[in-house]
Every structure is written in C-alpha cells, then in structure tokens.
Amino acid sequence: MEHKFTQNKTDATFELVFTASEYEEAMESTFKKEGGKYRVHGFRAGKAPRKMIEKNYGEGVFIEAAIDQLFKQGYNTILDANPEFEPIAPPAIDFDLPKEGGVTMKGTVETIPQFKLGKYTGLEVASADIKITDKQVNEFLEEARIKRGRQVDAPTSHKIVNGDMVTLDFKGSIDGVEFAGGTAEDYELEIGSKSFIDTFEDQLVGLCVGDTKDVKVSFPKEYHAAELAGKPANFAIKIKKIKQTELPKLDDAFAKDTSEFETLADYKKDIKEKLTTSAEAESKQLNEDALIAEVVKQTPVEIPEKMVERQLDMMMNNINHRLSMQGFNLELFAQMQGTTVDAIREQHKESAINTIKTRLVLDEIAKKEKIVPMPEEIEDIIMQAAQKSGRKDKEIRKDVDYVNMLVTNKKYDMITEFLKSKNSMK
C-alpha cells in the first residue's frame, strides 16, 4: 500500500493506493468472514464457493466490506505516521476500482485547526475588584422588605407606579379593526413586569382607578402571530382596581422576623459579610475570565464552519433541555420572545466561536507546557466527587464520561493557575 497525506489549516487530505493483490486479499478475507451468511442452491450452508455467491448475489456482494477493511488499515497507517494529526470527524472518502484490479481511495477529514500560539505570558490585564457598599446592603434589605410585603387596595387617589398590581379592561385594534386575542376584562397586570409588548405598562404609570386611555404600541417585527408582526396597535384601556405593596418597617422586629439576628444592625453586618464573600468570588472569576480572554486574543485561529455548527447544536440542545425542565421548548420560548429559533441560534454564534477558540488555545498551552493532572490528583478529584455526591468512588470510576469531565475540568483549572502565575493583573 502507498499513501499520501497533506495537512491543511482546517482539514487534511489523503490518498491510499492498494495493489490488485492487496485488494484480492481483502476480498478473500471478507468472503471467509461473511460467506456463511449467503445461501446458494445445491450447497450446504457456509460451503458455497465465492464465485457462486458472487454469481447469485452480484459481483459487488463483498466489495463494501473489503473496501472498509482496506480503508481502516490505510487510515490507521496514516494516524501512526502523523502523530500530530488530530481528526475531529469521520473522513469523507471516494474510491475507484481500476481495471488492473487495485483500488485507490481519496479522502478529506476535518481536523483541529492548525495555528501558532501567540503570547501567553508576561501580559498585563486590567483587574476587577468589586466592593460592597452600604447602598448595596440597603438595596438587599429593600428587596427583603418587598418579599415580605403584602398587596392591599390602593386609595382612589393613588397613581400607578411600578410594582402595583392593576386590574383593567382593554380592547386592542389595528387601523380601527379589533383583532383576535386583543380584548380582555378584569385582566390583572403587574406594572414593570414587562409582560405586555413595547411600552404598554409604562403608559399606565400615573393613572388612577377609573381612568381611561388609548395606549399606542407596536408589535415586534418577529412577533409569533404573523398578521400582527411589526404593526402599530391601539389599546383602549380602563383602570378598574389598583393594589399596592405595603412594606414592613425596617427595624429590629423585621430583623427577628426575617433572619436569625435580634437586631437590624447585626442583620446588616451579616448581609455585608455575605455580599463581600460573594463579591470576592465574582471578582476572582471575572479576573480569570479577563486573563483567559486576553491570552486567547493574542492567538489568531481560523475556526471551521462545521465546528461552529456542531458547537451551536450543542448549545441549542442545552438551552432546550433547560427550558424543558420548566415546561417549555425552544420553539415556544422563541414565540414568547417575539423571535425565532434561527435568530436565537444566530445570537449564540459569536459565543460558540469564542468557546471553541478558547478551548483550542488552552489545550495548545497545556500541550506546550505539559500541563496534565497527575494520577494522584485524579485520585483526589474522584474521591472529592464521591464525597460531594454521596456516591461510592468505585461507582464513579465506572462512569468514564463523568471521570473524563472531572479530569478535563481539573486540567483547565491547572492551566488557569499557570496563566495567573505567568501574567499580572493591574
């Protein structure tokens, strides 16, 4: 067998040439393995000669399996001869059978993109340092108050503000003609929830019980109802009832009722400590993300479109899975957002490209710096996973995909620590 191999930026091409005798040997080998499956009149099962089987079932009866056998042999030779060759998809091959009896195969296979690492040490990256202020503590307390608030009937003089629950009648029309689904009575709407399209809720702010108004809005251009998409509409509304939130006083009694603390001062101190811990973790993550982003920025990489599409498929499947846990799917979610699944997919394209590029660059750094978890480190992460999950470590070891994920995460943690030690945050 002769072979040729050419590595390109994002794929590789190869050619495998087998002689007539190699091809015949593969055909005979295939016949010996599969000949027993065929029945030929006048012969016992598994005893029919190859020529009789080919005569009864067609000359090509063994060709596909023989070609597959030769291809595997040749492809493995290419893999062994080119250790840097990293295919990421099965190859596409064409073959022909010359009159001489040999066979030539030509193929193309998508590979890890070839690129040269840019600078990844000695960089200076702007750091994020999130500080918790008294204002943020007070905002946290205010949210706690709102959660403890209760809805009460507002006085007739009360003007609608965000957070109010309003009962109203509305009748929608386009160019003076009412449309299906645009009319309701005694409809309850939380102002500021953005449940309605455009600025509908904003235009109710300041109204009182008994007020009427024509609210003018426009439907989104990609609205799920095509007959309404992009069109201006008028809603004749009447305010029938307003409920406002009555908040508890912010005092020691509130602290006792809401927390484990006896005084408001102690409760506020605890809030600040917890927010600070959370902010420190967020700052750490932001700094690591910024460092990795800067490292990746230093290396230009051409990402094949097929890799992007596969990454997008994975991202869309993950989104769909999360939505299914809430009783939705992508199609329904897109309709609710006034958009399409294709548009959502397109919105994630840049993220998909960045995810692929980041993985490729970090993997190349790991390869160059020989960053890989040692056996004892892998043992530690398996035992930690067992302790956290309550599973036995033997059970976890049997879950190969899960262990591979743990090892991969550990490797990326090690790469991140390496980059932090070789670069500075300012």
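As a starting point, this report considers the structure included with it. Keep in mind that what you see is a predicted model, and the values were worked out from it rather than measured.

**Quick notes on the overall build of the protein chain**
Step number 1: Scanning the protein chain from terminus to terminus reveals 13 helices and 11 strands.
Step number 2: Rg of the C-alpha trace for the protein chain: 34 Å, well past the compact-globule value of 22 Å for 426 residues, more than 25% over.
Step number 3: Dimensions of the protein chain along its principal axes, counting C-alpha atoms only, are 100 × 60 × 45 Å.
Step number 4: Scored against the burial criterion, the 426 residues of the protein chain give a buried share of 35%.
Step number 5: Only carbon and sulfur atoms are counted for the fraction: they give 50% of the accessible area of the protein chain, which is about 26700 Å².
Step number 6: Side-chain charges in the protein chain split into 62 positive and 76 negative, and the spacing between the mean points of these groups amounts to 2 Å.

**Quick look at helix α1 (residues 20–34)**
Step number 1: With 15 residues, α1 extends 21 Å from end C-alpha to end C-alpha; this agrees with the ideal 21 Å at 1.5 Å per step.
Step number 2: All of the buried residues in α1 are Tyr23, Ala26, Met27, Thr30 and Phe31. Angular distribution of buried residues about the axis of α1 spans 140 degrees; they occupy a single face of the element. What points out from α1, more than 90 degrees from its buried face, is the exposed set Ser21, Glu25, Lys32 and Lys33.
Step number 3: The inward-facing, buried residues of α1 abut α2 (50–57), α3 (63–81) and β4 (103–110).

**Looking at helix α13 (residues 400–422)**
Step number 1: Compared with an ideal rise of 1.5 Å per residue, which puts 23 residues at 33 Å, α13 spans 33 Å between its outermost C-alpha atoms and is within 8% of the ideal.
Step number 2: What α13 keeps buried is the set Val403, Leu406, Lys411, Tyr412, Met414, Ile415, Thr416, Phe418 and Leu419.
Step number 3: In this structure, the buried residues of α13 make contact with α6 (264–297), α10 (349–369), α11 (375–389) and α12 (393–398).

**Overview of the nonpolar core**
Step number 1: In this structure, Val295, Val361, Ile365 and Leu419 are the most contacted members of the largest nonpolar core, which totals 35 residues.
Step number 2: Those elements that provide at least two residues to this core are α6, α7 (305–324), α8 (330–336), α10 and α13.
Step number 3: Excluding residues that lie within four positions of it along the chain, valine 295 makes contacts with Lys119, Tyr120, Leu123, Val361, Ile365 and Leu419.

**Considerations on the packing of aromatic side chains**
Step number 1: In this structure the tally under the stated criterion is 19 aromatic pairs.
Step number 2: For the ring pair phenylalanine 170 and tyrosine 187, a centre distance of 5.5 Å and an interplane angle of 70 degrees mean the geometry is edge-to-face. Of this pair, phenylalanine 170 sits in strand β7 (residues 165–174) while tyrosine 187 is found in strand β8 (residues 177–190), placing the two residues 17 residues apart along the sequence.
Step number 3: Using a relative accessible area of 7% as the deciding quantity, one classes phenylalanine 170 as buried.

**A word on the sheet that holds strand β1 (residues 2–7)**
Step number 1: If you trace the four strands from one edge of the open sheet to the other, you get β1-β2-β4-β3, paired in antiparallel fashion. One side of each edge strand has no neighbouring strand; the edge strands of this open sheet are β1 and β3 (92–96). If you compare each strand with its neighbour and ignore which way they point, the axes differ by 10 degrees on average.
Step number 2: In the sheet, β3 pairs with β4 via five bridges, with the strands oriented antiparallel. Along β4, the bridge assignment pairs isoleucine 93 with glycine 107.
Step number 3: Set on the sheet, α3 makes contact with β1, β2 (11–18), β3 and β4; between it and β2 the angle comes to about 125 degrees.

**Topic: the packing of α1 against α2**
Step number 1: Where α1 contacts α2, the axes come no closer than 11 Å and their chain directions differ by 85 degrees. Accordingly, the angle class assigned to the pair α1 and α2 is roughly perpendicular. Contacts between α1 and α2 involve Glu24, Met27, Glu28 and Phe31 from the first element and Arg50, Ile53 and Glu54 from the second.
Step number 2: When the residues that make up the contact of α1 with α2 are grouped by side-chain class, the tally is three nonpolar, no polar and four charged.

**Describing the side chain of glutamate 54**
Step number 1: Topologically, glutamate 54 is positioned in helix α2.
Step number 2: Overall, glutamate 54 belongs to the buried group, its relative accessible area being 14%.
Step number 3: When neighbours within four sequence positions are excluded, glutamate 54 is seen to be in contact with Met27, Glu59, Val61 and Phe62.

**Considering the pattern of salt bridges**
Step number 1: One pass over the full model with this rule turns up 32 salt bridges.
Step number 2: Across the pair glutamate 110 and arginine 310 runs a salt bridge whose closest N-O atoms are separated by 3.2 Å. Of this pair, glutamate 110 sits in strand β4 while arginine 310 sits in helix α7, and the two are 200 residues apart along the sequence.
Step number 3: According to the relative accessible area criterion, arginine 310 is partly exposed, its value standing at 36%.
Step number 4: In this structure, glutamate 124 engages lysine 426 in a salt bridge whose closest nitrogen and oxygen atoms are separated by 3.6 Å. Here lysine 426 lies in the segment after β11 (424–425) and glutamate 124 lies in strand β5 (residues 124–125), a separation of 302 residues in the sequence.
Step number 5: The exposure class assigned to lysine 426 is exposed, which follows from its relative accessible area of 59%.
Step number 6: If you follow the salt bridges from partner to partner, you end up with Glu24, Glu28, Arg50 and Glu54 in one network.

**Remarks on the packing of α6 against α10**
Step number 1: With their axes 10 Å apart at the nearest point, α6 and α10 run at an angle of 85 degrees to one another. On the basis of the axis angle, α6 is roughly perpendicular to α10. In this structure, α6 uses Ile292, Val295 and Val296 to contact α10, whose residues at the interface are Lys357, Thr358, Val361, Leu362 and Ile365.
Step number 2: For the contact of α6 with α10, the class distribution of residues is six nonpolar, one polar and one charged.

**Some details on the environment of valine 403**
Step number 1: Topologically, valine 403 is positioned in helix α13.
Step number 2: On the basis of relative accessibility, which here comes to 13%, the residue valine 403 falls in the buried class.
Step number 3: With 21 residues separating them along the chain, valine 403 and isoleucine 382 place their C-alpha atoms 7.2 Å apart.
Step number 4: Setting aside residues up to four positions removed in sequence, valine 403 forms contacts with Ile382, Ile396 and Arg397.

Parameters and conventions
- Residues numbered from 1 in each chain as written.
- Predicted model: local features only at pLDDT ≥ 70, side-chain atom pairs only at ≥ 80, totals over all residues.
- Heavy atoms only, no water.
- Helix = DSSP H or I, 4+ residues; strand = E, 2+ residues; numbered from the N terminus.
- Rg over C-alpha atoms; globule rule 2.2 N^0.38 Å.
- Buried < 20%, exposed > 50% of the residue type's maximum accessible area, 1.4 Å probe, protein only.
- Areas by Shrake-Rupley, 256 points an atom, 1.4 Å probe, with all protein chains shown as cover.
- Lys, Arg positive; Asp, Glu negative; His and termini not counted.
- Charge placed at Lys NZ, Arg CZ, Asp CG, Glu CD.
- Expected span 1.5 Å × (residues − 1).
- Arc of directions from axis to C-beta.
- Contact = heavy atoms within 4.5 Å.
- Core = buried A, V, L, I, M, F, W, Y, C linked by side-chain atoms within 4.5 Å.
- Phe/Tyr/Trp six-rings, centres within 6.5 Å; stacked < 30°, edge-to-face > 60°.
- Pairing = 2+ DSSP bridges.
- Axes fitted to C-alpha atoms, helices over the stretch in contact; angles between N-to-C directions.
- Parallel < 35°, antiparallel > 145°, perpendicular 65-115°, else oblique.
- Nonpolar A, V, L, I, M, F, W, Y, C, P; charged D, E, K, R; others polar.
- Salt bridge = Lys/Arg side-chain N within 4 Å of Asp/Glu carboxyl O.

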